[in-house]
Amino acid sequence: MKTRIGILGAGSIGCYLGGMLAAKGCDVVFIGREALQQDTQNHGLTLSHFSRDALTLSPNQLRVETSVEALSDRTVILLCTKSQDTELAAKSLNQVILPEAHIISCQNGISNVPILQELLGEKIQRISGAIIPFNVTRTAPAQYHCGTDGAIRFEQDIPHDMQLAFAEANQAYLCGGNFKGDQWAKLLVNLNNALNTLNGGTLRECFAQKHYRFAFAAIVEEGLKIANAHNIEIGHYNGRTPSALLKTLRLPNWGYQLIMRLIVKMDAKARSSMLDDLESGRVSEIDYLQGEIIRQAEAIGLTAPHNQAILQAVNLAFEKGYSPKLSGKDIWDLIGNSGAMRTGRGG
Ligand SMILES: NC(=O)C1=CN([C@@H]2O[C@H](COP(=O)(O)OP(=O)(O)OC[C@H]3O[C@@H](n4cnc5c(N)ncnc54)[C@H](OP(=O)(O)O)[C@@H]3O)[C@@H](O)[C@H]2O)C=CC1
Ligand SMILES: CC(C)(CO)C(=O)C(=O)O
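Residues numbered from 1 in each chain as written. Chains lettered and ligands numbered in written order. Predicted model: local features only at pLDDT ≥ 70, side-chain atom pairs only at ≥ 80, totals over all residues.

- The name given to the protein chain in an unreviewed UniProt entry is 2-dehydropantoate 2-reductase, with the source organism recorded as Litorimonas taeanensis.
- Recorded in UniProt for the protein chain, the comment headed Catalytic activity (unreviewed entry) runs: "(R)-pantoate + NADP(+) = 2-dehydropantoate + NADPH + H(+)".
- Under the heading Pathway (unreviewed entry), UniProt records this for the protein chain: "Cofactor biosynthesis; (R)-pantothenate biosynthesis; (R)-pantoate from 3-methyl-2-oxobutanoate: step 2/2." (UniProt positions renumbered as here; feature names shortened; annotations may be inferred.)

## What about unusual backbone geometry?
Moving on, step 1. Despite not being glycine, Asn170 has its phi angle at roughly 60°, a positive value.
Moving on, step 2. Note that Asn170 resides in the loop between helix H5 (160-168) and strand S12 (173-175).
Moving on, step 3. Positive phi outside glycine occurs at Asn231, with the angle close to 60°.
Moving on, step 4. Secondary-structure assignment places Asn231 in the loop between helix H8 (210-229) and helix H9 (242-249). (Helix = DSSP H or I, 4+ residues; strand = E, 2+ residues; numbered from the N terminus.)

## Digging into the nonpolar core
Moving on, step 1. Ranked by size, the top nonpolar core spans 55 residues in total, and within it Leu8 and Leu78 carry the most contacts.
Moving on, step 2. Residues within four places of Leu78 in sequence aside, it is in contact with Ile5, Ile7, Gly14, Leu17, Gly18, Ile104 and Cys106.
Moving on, step 3. Within the second largest apolar cluster, 46 residues are counted, among which are Ala185, Leu203, Phe216 and Ala304. (Core = buried A, V, L, I, M, F, W, Y, C linked by C-beta atoms within 7 Å. Buried ≥ 20, exposed ≤ 12 C-beta atoms within 10 Å, placed from the backbone. Contact = placed C-beta atoms within 7 Å.)

## Structural notes on the packing of helix H12 (residues 290-299) against helix H13 (residues 305-320)
Moving on, step 1. Taken N-terminus to C-terminus, the directions of H12 and H13 make an angle of 140°; their axes are 9 Å apart at the nearest point. Looking at the two axes, H12 sits oblique to H13. The handedness of the crossing between H12 and H13 comes out as left-handed. Of the residues in H13, those touching H12 at Gln290, Gly291, Ile293 and Ile294 are Asn307, Gln308, Ile310 and Leu311. (Axes fitted to C-alpha atoms, helices over the stretch in contact; angles between N-to-C directions. Parallel < 35°, antiparallel > 145°, perpendicular 65-115°, else oblique. Left-handed = near helix turned anticlockwise from the far one by under 90°.)

## Quick notes on the sheet that holds strand S6 (residues 76-79)
Moving on, step 1. As summarised here, the arrangement of the 8 strands in space is S5-S2-S1-S6-S7-S8-S11-S12, forming an open sheet in which the pairing is mixed. On the outer flanks of this sheet lie strand S5 (64-65) and S12, each paired with one strand and no other.
Moving on, step 2. With 2 bridges connecting them, strand S8 (residues 126-131) and strand S11 (residues 152-154) associate as antiparallel partners. For Ile131, the partnering residue across the bridge sits in S11 and is Arg153. (Pairing = 2+ DSSP bridges.)

## Points about helix H6 (residues 179-199)
Moving on, step 1. For H6, spanning 21 residues, the distance from its first C-alpha to its last is 31 Å, which sits close to the expected 30 Å at 1.5 Å a residue.
Moving on, step 2. Of all the 21 residues making up H6, 19 are buried; the element is thus mostly covered by neighbouring parts of the structure. (Expected span 1.5 Å × (residues − 1).)

## Re the UniProt feature "domain: Ketopantoate reductase N-terminal" (unreviewed entry) in the protein chain
Moving on, step 1. As annotated in UniProt, the feature "domain: Ketopantoate reductase N-terminal" (unreviewed entry) corresponds to residues 5-155 in the numbering used here.
Moving on, step 2. Counted over residues 5-155, helix gives 28% and strand 30%. Its end C-alpha atoms are 17 Å apart.

## Quick look at the site of ligand 1
Moving on, step 1. The full set close to ligand 1 counts 25 residues, and Gly9, Gly11, Gln107, Asn108 and Ser273 are the nearest of them.
Moving on, step 2. Contributions of two or more residues to the shell around ligand 1 are made by helix H1 (12-23) and helix H3 (86-96).
Moving on, step 3. Lining the shell around ligand 1 are residues from two domains, each supplying at least three of them: domain 1 (4-175) and domain 2 (179-342). (Near = placed C-beta within 6 Å. Domains from an automatic or database assignment.)

## Re the packing of H8 against H13
Moving on, step 1. Axis separation between H8 and H13 bottoms out at 8 Å; the angle between their running directions is 125°. By the angle between their directions, the pair H8 and H13 is classed as oblique. Side by side, H8 and H13 meet where Ala218, Ile219, Glu222 and Gly223 of the first sit next to His306, Asn307 and Ile310 of the second.
Moving on, step 2. Considering only residue class, the contact of H8 with H13 consists of 3 nonpolar, 3 polar and 1 charged. (Nonpolar A, V, L, I, M, F, W, Y, C, P; charged D, E, K, R; others polar.)

## Some remarks on the confidence of the model for the protein chain
Moving on, step 1. Looking at the protein chain as a whole, its pLDDT mean stands at 94, while 96% of the residues score no less than 70.
Moving on, step 2. Low pLDDT, under 50, characterises residues 338-347; the predicted model gives this stretch 12 contacts beyond four residues in sequence or across chains.
Moving on, step 3. Under the prediction, the complex receives an ipTM of 0.98, its pTM being 0.95. (pLDDT = per-residue confidence, 0-100.)

## Focus on the site of ligand 2
Moving on, step 1. Around ligand 2, a shell composed of Asn108, Phe134, Asn135, Thr148, Val189, Asn190, Asn193, Ser272 and Ser273 is seen.
Moving on, step 2. By residue number, the principal contributor to the shell around ligand 2 is H6, which donates 3 residues.
Moving on, step 3. Counting contributing residues per domain, the shell around ligand 2 is built from domain 1 (4-175) and domain 2 (179-342), each supplying no fewer than three.

## A closer look at the environment of Lys225
Moving on, step 1. For Lys225, the position within the fold is in helix H8.
Moving on, step 2. Residues Lys225 and Leu62, spaced 163 residues apart in sequence, show a C-alpha to C-alpha distance of 46 Å.

## What about the environment of Glu279?
Moving on, step 1. Within the secondary structure, Glu279 is located in helix H11 (residues 273-279).
Moving on, step 2. What makes Glu279 partly exposed here is the crowd of 14 C-beta atoms within 10 Å.
Moving on, step 3. Taking the C-alpha atoms as reference, Glu279 lies 7.3 Å from Gly321; in sequence the two are 42 residues apart.

## Details of the sheet that holds strand S4 (residues 55-57)
Moving on, step 1. The sheet built from 4 strands is open, its strands ordered S4-S3-S10-S9 with mixed pairing. In this open sheet, the two edge strands, each paired with only one partner strand, are S4 and strand S9 (136-140). The mean inter-strand angle of the sheet, taken between neighbouring strand axes irrespective of direction, is 20°.
Moving on, step 2. Pairing of strand S3 (residues 45-49) with S4 involves 3 bridges; the strand directions are antiparallel. Across the sheet, the residue bridging to Leu45 is Leu57, located in S4.
Moving on, step 3. Its contacts with the sheet place H1 against S3, S4, S9 and strand S10 (143-146), and it is angled at close to 85° to S4.

Written out as structure tokens, the structure is:
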């Protein structure tokens, strides 16, 4: 029997994951906003990818609903809302969900699974996480573009028909392993979402700037120290540890560009989801990224001043509704880290 899959929060990631599964024969119900329901009725759903063929679903291949009640028969639910919407989503799910359902949080940050466990744990046995390594942006109504690559990391096993669908879509995935450590590694990488938002350009444009990379390295290093103080066994993101990432970020421009050409596959237009949120007038997820690092530091009597400075600047940008378009050097100055520059790290 087919797994009955529900996507709660059909935006960029929800439409991309659900669309990929539906295109390869899975039974998928999407829960999204009315605008998405309209757009998919009018246009179907198109998923483009920077290095793979696009997938197109016609309106009659899609079931898009606006109420969680449509999830009442679902056995796997992929939670794809922003982190700030998790609590509300969990409360609404509580009314409808099957006790045997498996909820998989596909969200960034490390606090969504604990929130789901707290609110639904008495009713639902299987609540786990997934790490989405690639970037997806809405490019037009009912059109989503994936601009980076990587294997999806599931904390627990997924059903056989989902595995087959991902394989058919050429989407790599992994289950099990040091998930907590890998989730922390992704959290540290996601600290870049805020820097990208402050710069306002593409990820490629950002990383081409030496001072931008140094600023990113400084906030990752700060987060890494806090993770180590919590005895987290830090894992990998897209096959690399944050410590290896730090070394790459601190290379001079010529060395960095050489490495990037060899190992990183990225669309020229790829940007972070937080910059998309700013430009679409949505709320930022910063409290679950930089905010998480600050809370984790405070919990053990430490501080995270670099991440704090970035959080404040991002909050201001969201209050104003536009990116301040800071250069890499401006961001470097913002975190007040000129000491490390003078020691010549990175040239
Ligand atoms: N986009 C990306 O490239 C990546 C995103 N992620 C993570 O994935 C998660 C989702 O991000 P993303 O897809 O970008 O977010 P989006 O904002 O694009 O998608 C979430 C969608 O869910 C809708 N929604 C929220 N609550 C409900 C509800 N109760 N019922 C119906 N619809 C609801 C939102 O509507 P509304 O806006 O109206 O509230 C929005 O359309 C985040 O944690 C993000 O950090 C991870 C890797 C990459
Ligand atoms: C894929 C990645 C790391 C891109 O910045 C991301 O998680 C996001 O945009 O939220």
